[in-house]
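Structural features, examined
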Number of protein chains: 2
Amino acid sequence: MKIAVDAMGGDNAPEAVVCGAIRAAQTFHEEIVLVGQEDKIQAILAAHGAQNTPGLTVLHAPDLVDMHDDPATVLRAKPQSSMAVALNLVKKGEADAIVSAGSTGALLAGATLFCKRIKGVRRGALAPVMPCKNGQVLLIDAGANTECTAEYLLQFGVMGSLYMEKIKGVQRPRVGLVNNGSEDSKGDPLRKEAYALLKAAGDAGQIHFVGNVEGRDVPLGACDVAVCDGFAGNVMLKTIEGVAKFMAGEIKQVFLANLGTKLAYLACKKGMDEFRSQFDQDAVGGAPFIGISRPVIKAHGSSNEIAFMNAIRQAIEYKKSGMIEAIEANVCQLAGQ
Amino acid sequence: MKIAVDAMGGDNAPEAVVCGAIRAAQTFHEEIVLVGQEDKIQAILAAHGAQNTPGLTVLHAPDLVDMHDDPATVLRAKPQSSMAVALNLVKKGEADAIVSAGSTGALLAGATLFCKRIKGVRRGALAPVMPCKNGQVLLIDAGANTECTAEYLLQFGVMGSLYMEKIKGVQRPRVGLVNNGSEDSKGDPLRKEAYALLKAAGDAGQIHFVGNVEGRDVPLGACDVAVCDGFAGNVMLKTIEGVAKFMAGEIKQVFLANLGTKLAYLACKKGMDEFRSQFDQDAVGGAPFIGISRPVIKAHGSSNEIAFMNAIRQAIEYKKSGMIEAIEANVCQLAGQ
């Protein structure tokens, strides 16, 4: 297997990307191709004595995608950018998956343009796994599709269920529809229509639909897959990040108050470290862009080398899991209803 | 001033409502009328030796609004319910404000039907104040309007700004539009149109508009007023509740781990209590339903007596603040643009 890594994407590129790729090559023993400005990448490899890391190669791409580029058109405008070259490798079958921490919009547009959606899939969806009480929950869609139809939401539920089953090993993942109340009748017309479609898929045994879930139910573990349009999903994902950061900061202040509380921290350090590790984005790696005919992993813009290593791990797992074949089999079935 | 209190609404009614009203009457020295099943209310008053509390009276209403009633029609169907009778007192000017922890949908529909919106206001909005870094933020709308137009969002921004100024004493409240990115161009058509209206109001000096805010920015204190449609606002509000509850539970487990961590908790107790008090819904009381021609406070369904006392305090503050007159003056101005 060969993973194409966009070496120039993200706040800490290329240093963190290259270091993450070195770790990944040493750990996972799969081929990794670092795509980007060759001189810069080689200099980092040399600085770490890693020029001859088995499986690790470099492919030159001179241009960069930056935040001012129009996401919808940049990859056509800059075919020699690291992201475009990496996507092209995957498109042509010269690599099996791509990892990038570059512009989310450009990656989603480019993945759809270069690699295409799986036949029958209406829209690809960004689907991060988040911590929740007693486990993890997949939020789908977290921002790829600002406007959705009920059919998209149905497909997000099916694809999300397959992800949690095949990659996270969850048996019969509980699929919930994020809504403004838990009663069956809740929501705007989009939610009411999506509820009917998801319920029918549940009744037909295609998914395990548990009905509407409210915002508070998701962090408290009411479902394994939380289905949402990309607008509300983005608000939800970022609200979770913001609240977690806010609360963690307040708790830190509690421990920093005086000598007594600082000593108290030592007693709690192990537990607090475990608590923090639940919310550690670096350990997660990135979010898969589900529904595309190739594995595409969007790493967080602020990813460090550990996060990149884990995003590469995710790409390998995604490829090995048979997710894409499973979506092909299941979504065609749904489309044929 | 006289506050009408729906004694039969909420999970802990009538006990918690009556006890909260006793405390409020003793503390705020305003008139309070408890509306509901007289025998039950009198029994609770008697049990607490509070039959003769100055300013506290009872008005009989035999019927109850329950969760199975259709919110849109229940108050017409049950004119003798505690909520309908209380709203009628306010409508007729026999009370100055209403507090209820009953069905949100029924209260919003009833307030609009009985008390009417302020002239020029397109929709009333539910607007809870939430804790954030270095202060508080008003989320408007948190669920009254599942579907919104850009004009509604503009008016939410104006009304929310007046609330934070007049009731919370914030100078030039920073108004942000909750969006799926902070750049000016972000969002669906609704958000783009609302952005233009809010920006024009900001340029005209009617509000202090700080642009788009993301979900993570709101808990981190980027604005004093977070403008949102009622669907995403409801998801956001409840996600904050859920994450706070989830994290608080995890931290509790850290302290319960062993004897050492339990002793450590004693050192941190003061700080942890202050931390928790930030997230204490009971201290907040309820959420105002802003834009109605009378003060309407929706108390949380799970309110205890402290929460009811504080919801009554909010109703008094709302009435005294001149909010309604200020909205009349400002919204008509906006509608005339």
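Calculation criteria
Residues numbered from 1 in each chain as written. Chains lettered and ligands numbered in written order. Predicted model: local features only at pLDDT ≥ 70, side-chain atom pairs only at ≥ 80, totals over all residues. Heavy atoms only, no water. Helix = DSSP H or I, 4+ residues; strand = E, 2+ residues; numbered from the N terminus. Buried < 20%, exposed > 50% of the residue type's maximum accessible area, 1.4 Å probe, protein only. Contact = heavy atoms within 4.5 Å. Buried area = accessible area lost by both parts, 1.4 Å probe. Salt bridge = Lys/Arg side-chain N within 4 Å of Asp/Glu carboxyl O. Polar contact = N/O pair within 3.5 Å; in protein donor to acceptor, adjacent residues only side chain to side chain. Nonpolar A, V, L, I, M, F, W, Y, C, P; charged D, E, K, R; others polar. Disulfide = S-S within 2.5 Å. Patch = residues over 30% accessible without salt bridge, like charges linked within 9 Å, V, L, I, M, F, W, Y side chains within 5 Å. Areas by Shrake-Rupley, 256 points an atom, 1.4 Å probe, with all protein chains shown as cover. Lys, Arg positive; Asp, Glu negative; His and termini not counted. Charge placed at Lys NZ, Arg CZ, Asp CG, Glu CD. Least-squares fit on C-alpha atoms with pLDDT ≥ 70 in both. Pairing = 2+ DSSP bridges. Expected span 1.5 Å × (residues − 1). Arc of directions from axis to C-beta. Axes fitted to C-alpha atoms, helices over the stretch in contact; angles between N-to-C directions. Left-handed = near helix turned anticlockwise from the far one by under 90°.

This part takes up the environment of B:Ile306. Residue and element names in this part refer to chain B. Mapped onto the secondary structure, Ile-306 falls in helix α11 (residues 305–321). According to the relative accessible area criterion, Ile-306 is partly exposed, its value standing at 30%. Taking the C-alpha atoms as reference points, Ile-306 and Asp-282, 24 residues apart in sequence, are found 6.0 Å from one another. Setting aside chain neighbours within four positions, we find Ile-306 in contact with Arg-23 and Asp-282.

What follows is about the interface of chain A and chain B. Every contact between the two is made by 48 residues of chain A and, on the other side, 48 residues of chain B. Both faces considered, chain A and chain B share a buried interface measuring about 4,300 Å² in area, 75% of it formed by carbon and sulfur atoms. The largest share of the area that chain A buries against chain B comes from A:Phe231, A:Phe246 and A:Met247, three residues that together contribute 16% of it. A:Lys238 serves as the salt-bridge partner of B:Glu214, at 2.1 Å between the closest nitrogen and oxygen. Here chain A is connected to chain B by eight residue pairs in polar contact (both at pLDDT 80 or more). With 20 residues, helix α8 (residues 230–255) of chain A is the single largest residue contributor to the side of chain A that touches chain B. A per-class count over the side of chain A that touches chain B returns 25 nonpolar, 12 polar and 11 charged.

With that settled, consider the state of the cysteines. According to the stated counting rule, one finds zero disulfides over all chains in the structure shown. Of all cysteine sulfurs in the structure, the one in B:Cys132 sits closest to B:Cys223, which takes part in no disulfide; the separation is 7.7 Å.

Residue and element names in this part refer to chain A. Where like charges cluster on the molecular surface, the positive patch consists of Arg-76, Lys-91, Lys-92 and Lys-116. The residue Lys-92 is located in the loop between α4 (82–91) and β4 (97–100) in this model. Residue Lys-92 is classed as exposed on the basis of its relative accessible area, which comes to 53%.

Our focus in this paragraph is the relation of the copies chain A and chain B. Structural alignment of chain A on chain B gives an RMSD of 0.1 Å, achieved by rotating through 180° and translating 0.0 Å along the axis. The symmetry that links the two subunits is that of a two-fold axis. Every residue of chain A has its C-alpha some distance from the rotation axis, and the shortest such distance is that of A:Ala264, at 2.1 Å. Take the interface residues of chain A: 100% of them recur as interface residues in chain B, which is what a same-surface contact looks like.

What follows deals with the pairing of β4(A). Residue and element names in this part refer to chain A. Burial along β4 is two-sided: the residues Ala-97 and Val-99 and Ile-98 and Ser-100 are all buried. Both strand β1 (residues 2–6) and β4 contribute to a ladder of three bridges, which runs parallel. By the bridge assignment, Ala-4 is partnered in β4 with Ile-98. Pairing geometry for β4 and strand β12 (residues 296–299), over three bridges, is parallel. Paired with Ile-98 across the bridge in β12 is Val-296.

All names here are of chain A. Relative to the helices and strands, Ala-326 resides in helix α12 (residues 323–335). In this structure, the C-alpha to C-alpha distance between Ala-326 and Lys-166, residues 160 residues apart in sequence, is 9.0 Å. When sequence neighbours within four positions are dropped, the list of residues in contact with Ala-326 reads Leu-162 and Lys-166.

Residue and element names in this part refer to chain A. The terminal C-alpha atoms of helix α7 (residues 189–203), which comprises 15 residues, lie 21 Å apart, in line with the 21 Å expected from a rise of 1.5 Å per residue. For α7, the complete set of buried residues consists of Leu-190, Arg-191, Ala-194, Tyr-195, Leu-198 and Ala-201. With its buried residues spanning 130° around the axis, α7 presents them on a single face. Of the residues trailing α7, Gly-205 is marked for its positive phi of about 80°.

With that settled, the discussion passes to the packing of helix α4 (residues 82–91) of chain B against helix α5 (residues 104–115) of chain B. Residue and element names in this part refer to chain B. Where α4 contacts α5, the axes come no closer than 10 Å and their chain directions differ by 35°. At the point where α4 passes α5, the crossing takes the right-handed sense. Residues Met-83, Ala-84, Leu-87, Asn-88, Val-90 and Lys-91 of α4 form the contact with α5, whose own contacting residues are Ala-106, Leu-107, Gly-110, Ala-111, Phe-114 and Cys-115.

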